[in-house]
Amino acid sequence: MTRRLQENVVALLVILIFAAAIYASLGYGPRARLVPIPIAVIGILLMLAQLYLQNSRSEQDLQIDLLEFISKKSTGAEDAVPTAAEGADEAASQPRKRDPRMEFAALGMVVLLIGMFFVVGPIPTMFLFTAGYFVLSRHYSPAWGVLYAFIGTLAVYALFYLWLGVDMRQGMVDLSFGMW
């Protein structure tokens, strides 16, 4: 069995799983169907796009560097510049050592996020945490980070509060500013 055939079989199985989720969701009430059916339909559409892409291109075109694809940055493999240091390539291929400070920082971020959910609620937490992450990690400039955090928070607010009617007043401190 060729690799392309294996990928097609897996994609078809995933489509069948999404179709089964749609079929199972049809037995739910109207409000209970609002989340699983759109997610399954989107999943089927994405898998159909995946099937099209993997069958309409040659095998060589499908060989991509995932890090480059996700980060939109070149890994330097195709335009490698010779370096003066002989061991530069060997050092780059070595796995990174575990740094306990980085692990505790990541744990601290998770604890901060959960604590913010309890204290100020989900909507303000999402905005503050996302904006803080974008700005402090320097993924975006402060203006763009705040704008993207606002747009994402507004989308979650519209989905859960306005469309699904989920109560968003779960924090100990009310930072709703009269919005919900």
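This text gives an overview of the structure that appears in the document. (Residues numbered from 1 in each chain as written. Predicted model: local features only at pLDDT ≥ 70, side-chain atom pairs only at ≥ 80, totals over all residues. Heavy atoms only, no water.)

**Details of the overall build of the chain**
Inference 1: The helix and strand inventory of the chain stands at seven helices and zero strands.
Inference 2: Along the chain, helices and strands appear, N-terminal first, in the series α-α-α-α-α-α-α.
Inference 3: Residues counted as buried form 17% of the 180 residues belonging to the chain.
Inference 4: Intrachain contacts of the chain at a sequence separation of at least 6 include 50% that bridge at least 24 residues.
Inference 5: Element-wise, carbon and sulfur atoms account for 69% of the exposed surface of the chain, whose accessible area totals about 14000 Å². (Helix = DSSP H or I, 4+ residues; strand = E, 2+ residues; numbered from the N terminus. Buried < 20%, exposed > 50% of the residue type's maximum accessible area, 1.4 Å probe, protein only. Contact = heavy atoms within 4.5 Å. Areas by Shrake-Rupley, 256 points an atom, 1.4 Å probe, with all protein chains shown as cover.)

**Considering the packing of aromatic side chains**
Inference 1: Per the counting criterion, the structure on display carries four aromatic pairs.
Inference 2: Arranged with centres 4.7 Å apart and planes meeting at 70 degrees, the rings of Y140 and Y148 form a pair that is edge-to-face.
Inference 3: Given the relative accessible area of 36%, Y140 is considered partly exposed.
Inference 4: Seen from their ring centres, W144 and Y148 are 5.7 Å apart, and the 35 degrees between their planes marks the pair as tilted. Linking W144 with Y148, this pair stays in helix α7 (residues 142-163), spanning four residues, or about one helical turn.
Inference 5: An aromatic cluster of three or more residues is present, and its members are Y133, F134, Y140, W144 and Y148. (Phe/Tyr/Trp six-rings, centres within 6.5 Å; stacked < 30°, edge-to-face > 60°.)

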